[in-house]
Amino acid sequence: MTIDLAISMIEDAPIPTWYRVGGTAECLAFPASEQQLAACLEDEPNANILGDGANLLVDDEGIDGLVISLRSLNEVSLDPATGFVTVGAGIKLPRLVLDTVRAGLAGLQGLGGIPATIGGATAMNAGGRYGSFGDCITRVWGVTRDGRPEPVEIPRDDIDFGYRNATFAGVDPVITRVELKLTPGNPEALRSELKSIMTAKAESQPLGAKSAGCAFKNPVLDRDLGEFGASGSQVPAGKLIERAGCKGIRVGSAQVSPRHANFITIAPDARHDAPPRARDIIDLMEIVAARVYDRFGVSLEREVKVWRRSS
Ligand code: EPU
């Protein structure tokens, strides 16, 4: 590697993910500035970018080349009077949700309990039934993969936020900073709203288990499907998976959560059974998708990203 030696790097490094399974990265770098990130990308334009590892599964064999963690891009500035917040890509979304609620700023309280970094939450427009992260974004900065040292600035009008994805007017930046416009409000009211959303999620989702959140995107039906809805409507993948009889099924220690069928978790008794393997989770996702397709003719698209060796 010819990258600037000042950049913190570890070779043959475990890749921290929420699943806590999978192999190592040949090299893991922690750039502490946009300029250091640009230097990494100049050296390896196709480097994989690591957020919180919350929506990521790394194959057991590990991966070649450079992985870039953005955890050191961690500056936050917050103006309770105007509601403008600027936040680095490496900050974790749950922390930002708490900080903004405590500062009495409304807008993110519906995103409690979503594991992600700000970079990942922006790139995937993280969210759920209480809103999406893109709703509050006014501007994004990022570094392009051609090694240009200056970050690009992308105004809201040039960003298209979709369901669990975002596009940036023809640019494909590695997001480094995001500006949000929140609304000054009442901290007590926001706190109790956040609390009731967290309680509702804890009742329906296996929040304490090792998982990567929802495994599949909620599909849009291409024809009428009885109790699930009419053509063009979005149907919860968890409902389809449950009705296809998949709740609780296992491959090795990977299990379709008995609580919420769109979560694939490491079963609590995993250690007595077999050490958790990424392969088991990948196989189980394939089995689930095949069963739903066989039963309902609906194709599920994975929300979880899988990193594996190119060859
Ligand atoms: N349902 C079932 N069986 C299940 C799970 C759900 O029948 O096993 C039914 C529920 O009864 C409910 C409906 O499906 O009527 C929707 O379920 P839920 O409210 O849990 O929402 P979801 O669509 O499954 C989405 C996001 C979640 C987010 C929640 C709540 C996706 C793929 N998932 O889940 O996000 O936490 O809304 O806001 O969009 C994630 O993206 O990782 C994630 C967990």
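Every chain's residues receive numbers from 1 upward, in the order its sequence appears when written. The predicted origin of the model limits local features to residues at a pLDDT of at least 70 and limits the giving and counting of side-chain atom pairs to 80 or more, whereas totals for whole chains, interfaces and linings rest on all residues. With hydrogens and water excluded, all non-hydrogen atoms of the structure serve as input to the side-chain values.

## Thoughts on the sheet that holds strand β18 (residues 254-256)
Okay, so step 1: One open sheet accounts for three strands, arranged β17-β18-β19; its pairing is antiparallel. Where the open sheet ends on each side, the last strands, each with one partner, are β17 (250-251) and β19 (264-266).
Okay, so step 2: Here a strand pair is declared whenever DSSP counts at least two bridges between the two strands. Each helix is a run of H or I in the DSSP string that is no shorter than four residues. Each strand is a run of E no shorter than two, and both are numbered from the N terminus. One ladder, built from three bridges, connects β18 with β19; its direction is antiparallel. The residue bridging Ala 254 from the neighbouring strand is Ile 266, located in β19.
Okay, so step 3: The contact criterion used throughout is that any non-hydrogen atoms of two residues lie within 4.5 Å. To get an axis, fit a line to the C-alpha atoms, keeping to the stretch in contact for a helix; angles then go from 0 to 180 degrees between the N-to-C directions. Contacting β17, β18 and β19, helix α7 (residues 278-296) crosses the sheet at an angle of about 30° to β18.

## Observations concerning the packing of aromatic side chains
By convention here, two paired aromatic rings are described through the distance between centres and the angle between planes.
Okay, so step 1: Any two of the Phe, Tyr and Trp rings considered here, Trp counted by its six-membered ring, make a pair once their centres fall within 6.5 Å; the pair's planes then place it as stacked at under 30 degrees, edge-to-face at over 60, or tilted in between. One pass over the full model with this rule turns up one aromatic pair.
Okay, so step 2: Arranged with centres 5.0 Å apart and planes meeting at 70°, the rings of Phe 228 and Phe 296 form a pair that is edge-to-face. One end of the pair, Phe 228, is in the loop between α4 (187-204) and α5 (237-243); the other, Phe 296, is in helix α7, and 68 residues separate them in sequence. Pair check on accessibility: Phe 228 and Phe 296 agree, each one buried.
Okay, so step 3: Our definition puts a charge over a ring when NZ of Lys or CZ of Arg is within 6 Å of the ring centre and also within 35 degrees of the ring normal. Above the face of the Phe 84 ring, Lys 181 is positioned so that its terminal group lies 5.3 Å from the ring centre. Residue burial is assigned from relative accessible area. The probe radius is 1.4 Å, only protein chains are included, and a residue is buried under 20% of its type maximum, exposed over 50%, and partly exposed in between.

## Some remarks on the nonpolar core
Okay, so step 1: We define the nonpolar core as a collection of buried residues of types Ala, Val, Leu, Ile, Met, Phe, Trp, Tyr and Cys that are connected through side-chain atoms lying within 4.5 Å of one another. Ranked by internal contacts, the top residues of the largest apolar core, which has 35 residues, are Leu 57, Phe 216, Leu 240, Ile 241 and Ile 281.
Okay, so step 2: Breaking this core down by element, the ones donating at least two residues are α5, β18, β19 and α7.
Okay, so step 3: Examining the composition of this core, we find that nine residues originate from one element, α7, more than from any other.
Okay, so step 4: Residues in contact with Ile 281, not counting those within four places in the same chain, are Tyr 19, Val 21, Leu 57, Ala 254, Ile 264 and Ile 266.
Okay, so step 5: The next biggest cluster of nonpolar side chains, apart from the first, holds 32 residues, and it includes Ile 91, Leu 93, Ala 106 and Leu 180.

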